[in-house]
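Report on the structure
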Amino acid sequence: MEFEAHPAWTLRCKYFADVSNAEDLGAYIISGKCPERTSLINARLIPGLMALYAAGDKTLRALGTDKGIATRTMGSELVYNLSGSKHISESLRRFGVKSKDCKEVLVAWFESSESPSEEPGDISGMVKGTEVASGDDLAQLGRELASRASAKEIRKYYKVQDTELASTGDNLGSCVVFRIGGKEFL
């Protein structure tokens, strides 16, 4: 996924289903060994590509400011920006991969043509599951995200009401993108 406002940056992704080692992946993140530009995300909470794009763009915008990112790494910043919450620990707990109940995982990592990283961002080899889509085919990745997303959990975590959903033509992704973009103001 490329960013018009940040042409040197790309967000690469791989989507896995039937993941059996989410707890191990969570422990890997907590240990601090996860590459700084890499995220492991609970994919059932991403309603589509636009939400991922909005969170990635927001991460890159924060990186370019004097204030910088709110979390310790670009990978955790992406997870934080996917959330509608301003609370970092709550966002990382809900949208990250830590629980054995997390069976759908999106591995996402930033790559830069201007500042290449020495550590590999693609840690998908660690995931014990079935790869169902990758960022090489964005259309397929978008379809998988949309079809496998948990509308019930998304509505709960983003606090989407029936009237708001109806006003978007039942487009849950639009509600989520609004929350991502306006988090600081809500």
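Remember, predicted model here, so these are calculated numbers, not experimental data.

Counting buried positions along strand S3 (residues 38-42) gives 5 out of 5 residues, so the element sits mostly inside the fold. Bridge analysis of S3 against strand S4 (residues 105-112) gives 5 bridges, and the strand direction is antiparallel. By the bridge assignment, Ser39 is partnered in S4 with Ala108.

Quick look at the packing of aromatic side chains now. Enumeration over the complete set of coordinates arrives at 4 aromatic pairs. A ring pair is formed by Phe95 and Tyr158, whose centres lie 5.7 Å apart and whose planes are at 70 degrees; its orientation type is edge-to-face. Here Phe95, found in helix H4 (residues 88-95), pairs with Tyr158, found in helix H6 (residues 151-158); they are 63 residues apart in sequence, far enough to count as distant. Take Phe95 and Tyr158: they sit in the same class, and that class is buried.

Conventions used here
Residues numbered from 1 in each chain as written. Predicted model: local features only at pLDDT ≥ 70, side-chain atom pairs only at ≥ 80, totals over all residues. Heavy atoms only, no water. Buried < 20%, exposed > 50% of the residue type's maximum accessible area, 1.4 Å probe, protein only. Helix = DSSP H or I, 4+ residues; strand = E, 2+ residues; numbered from the N terminus. Pairing = 2+ DSSP bridges. Phe/Tyr/Trp six-rings, centres within 6.5 Å; stacked < 30°, edge-to-face > 60°.

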